[in-house]
Amino acid sequence: MRVGIVILPEHRWWAAEPMWRMAEEYGFAHAWTYDHLGWRSLVDKPWFDAVPTLTAAATVTSTIRLGTLVASPNFRHPAHFARELTALDDISDGRITLGIGAGGVGFDAHVLGYPELSARQRVDRFTEFTELLDQILTQDCTDYSGEYYTAVRAHRAPGCVQLPRLPFVVAANGPRSMRLAARYGQGWVTTGGRADDLETWWRTVAELSLRFAEVLAEQGRNPTKVDRYLQVDAAPVYSLSTVEHFREVVDRAAELGFTDVITHWPRADGPYSGKESTVEEIASEVLPEL
């Protein structure tokens, strides 16, 4: 089991830099940041962009994998985003993983003044986004004409350090998105289903895990070639509330076939409220055992 941690892009770099360094020093396998223009209850608080944040993180780390959790089609075009990802992959010397999702219906979906999309339309757009991004990152020159995106002679050069391209970890809970993950993903990430209590949430996670296994079989994918990530803080209880609770979370995720769990760096208040001392304890007591 590998453990990753999300560092929200809310701090000025003088405050954020030590977190990214410590994530590597503590032994986390991967570190992520959100890709939003604004997020939920923090929408009126300080917030920075994912790409320059990860670029800076790449320059102060050397071994930990870095990524977006998850990149959003709400405000990105694959032709430009492919250039950013290629640069990130180069600067990090091949340590970037692209977490990618359909895009939510919150602030990001409204701030640019675009019309609101239905759930089906968002998956349609997500399909085009993923398909076109894959083509640009793997083909020398790409022409594409879709309902949501167009590209005219979009070039790959120089291409990714990681070949044939950097890995995609596709966020998916529904059947169409799962098929997209099975087709394009080197990994699948889920937040489980909505639930008011912990046991119900774990049941939704188990159901989704079984469903994704079925989709992999339908698509002819070798399940050992697709990593499974669980964003454990979508649960009603924060995973880093105690060391004992985190151990239980890791064990239950492993039993359900997940290869990776992703937690969040503790914050002083609000979402993911917790103590940094818990991270230190987990780094010394739990991570070395995994």
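Everything in this summary refers to the structure shown in the same document. (Residues numbered from 1 in each chain as written. Predicted model: local features only at pLDDT ≥ 70, side-chain atom pairs only at ≥ 80, totals over all residues. Heavy atoms only, no water.)

1. Focus: the environment of V43
With respect to the helices, strands and loops of the structure, V43 is situated in the loop between β2 (30-33) and α2 (50-59). Residues V43 and V232 lie 189 residues apart in sequence; the distance between their C-alpha atoms is 22 Å. Those residues in contact with V43, other than ones at most four positions away along the chain, are G38 and F107. (Helix = DSSP H or I, 4+ residues; strand = E, 2+ residues; numbered from the N terminus. Contact = heavy atoms within 4.5 Å.)

2. Side note on the packing of aromatic side chains
In this structure the tally under the stated criterion is ten aromatic pairs. Each ring, one from W39 and one from Y272, has its centre 6.0 Å from the other, and the planes form 15°; the classification is stacked. Remark: Y272 occurs in the loop between β10 (260-264) and α9 (276-285) and W39 occurs in the loop between β2 and α2; sequence separation between them is 233 residues. On the numbers, 6.2 Å between centres and 45° between planes, the contact of Y238 with Y272 is tilted. (Phe/Tyr/Trp six-rings, centres within 6.5 Å; stacked < 30°, edge-to-face > 60°.)

3. Looking at the pairing of β10
Counting buried positions along β10 gives five out of five residues, so the element sits mostly inside the fold. Of the strand pairs in this sheet, strand β1 (residues 2-6) and β10 are connected by five bridges, and their pairing is parallel. Bridging from a neighbouring strand, G4 pairs with I262 of β10. Note: strand β9 (residues 227-231) against β10, three bridges, orientation parallel. If you follow Q231 over to β10, its bridge partner there is I262. (Buried < 20%, exposed > 50% of the residue type's maximum accessible area, 1.4 Å probe, protein only. Pairing = 2+ DSSP bridges.)

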